[in-house]
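Here is what each chain is made of, one letter per residue.
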Amino acid sequence: MEKDSLKTSRRRFLRIMGGFTAGMAVSASSLAKVPAVLPKARSLSFYNLHTGESLDTTFCVGKHFLPDSLSEVNRVLRDHRTGEECDMSPQLLVLLDDIRKTLGTSQPLQVISGYRSPETNAKLGQHSSGVAKKSLHMQGKAIDIRIPGVEVGKLYRAARAMNAGGVGLYSSSDFVHVDVGSVRYWGA
């Protein structure tokens, strides 16, 4: 009887090990299809101070920008005065993601101004000398932001360190201008 139970135990053991080994073979072949390094995802969060709209989105995976996400970004960064939208520069979005990562924050970017229609830009220019006649806001290549919990001077320094476009500090209005035009700095 001991011999029979030993045979049964041995058979049972071999069946279990056979199933385990087969499972390992399947797992190994499945793992072979998974890339060694997963593509880097880029995400941003926005809060539009004028419309009250929020957006938390992944706009790029690897080198592929996600059209639906970009459309959502265009909507939340539209000219709040006219409702007009513009295709925001993917380069600007990458820059904003890099700035946020450099600062080590996941707080939403508070949007003072994203896209501006030419009409809105002209009206603003009548009331302020700080509005450029050929503003990159009109091309979807500029944004004015602040980040909760991040002092604007620190945000300004982080954006300057990217050396990727224009950066303006507007201390009295508590925001920073960031664009993907030529590298230049201004403000106090």
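As shown above, the structure is provided for reference.
An account of the accompanying structure is given in this report. Being a predicted model, the structure only gives us computed values, none of them experimental.

**Observations concerning unusual backbone geometry**
In this structure, N163 takes a positive phi of about 50° despite not being glycine. When you line up the elements, N163 lands in the loop between α5 (152-162) and β6 (166-170). Phi at D174 is positive, roughly 60°, even though this residue is not glycine. Relative to the helices and strands, D174 resides in the loop between β6 and β7 (175-179). The partly exposed category is assigned to D174, whose relative accessible area is 34%.

**Regarding the environment of D179**
Checked against the element boundaries, D179 lands in strand β7. Since its relative accessible area comes to 0%, D179 is described here as buried. Spatially, the C-alpha atom of D179 lies 6.4 Å from that of I143, the residues being 36 residues apart in sequence. If near-sequence neighbours (up to four positions away) are discounted, D179 is found in contact with L92, L95, L136, K141, A142, A164, G165, G166, R184 and W186.

**Observations concerning the nonpolar core**
Counting 35 residues, the largest nonpolar core has F46, L96, I143 and V178 as its most contacted members. Among the elements that make up this core, the one with the highest residue count is helix α3 (residues 90-103) (seven residues). Discounting residues that sit within four places of it in the chain, I143 has contacts with F46, L77, L92, L96, V111, S113, G114, H137, V176, H177 and V178.

**Observations regarding the pattern of salt bridges**
Taken as a whole, this structure holds nine salt bridges when the rule is applied. The salt bridge partner of D98 is R42, with a shortest N-O separation of 2.8 Å. Of this pair, D98 sits in helix α3 while R42 is found in strand β1 (residues 41-48), placing the two residues 56 residues apart along the sequence. Note on D98: relative accessible area 24%, which makes it partly exposed. Owing to a relative accessible area of 13%, R42 belongs among the buried residues under this scheme. When the shortest N-O distance is used, the salt bridge between D179 and R184 registers 2.7 Å.

**Details of helix α2 (residues 67-76)**
Listing the buried residues of α2 in full gives S69, L70, V73, N74 and V76. Where α2 is buried, its residues touch β1, β2 (54-61), β3 (64-65) and α3.

Rules used throughout
- Residues numbered from 1 in each chain as written.
- Predicted model: local features only at pLDDT ≥ 70, side-chain atom pairs only at ≥ 80, totals over all residues.
- Heavy atoms only, no water.
- Helix = DSSP H or I, 4+ residues; strand = E, 2+ residues; numbered from the N terminus.
- Buried < 20%, exposed > 50% of the residue type's maximum accessible area, 1.4 Å probe, protein only.
- Contact = heavy atoms within 4.5 Å.
- Core = buried A, V, L, I, M, F, W, Y, C linked by side-chain atoms within 4.5 Å.
- Salt bridge = Lys/Arg side-chain N within 4 Å of Asp/Glu carboxyl O.

By themselves, these are just geometric observations and shouldn't be taken as functional.
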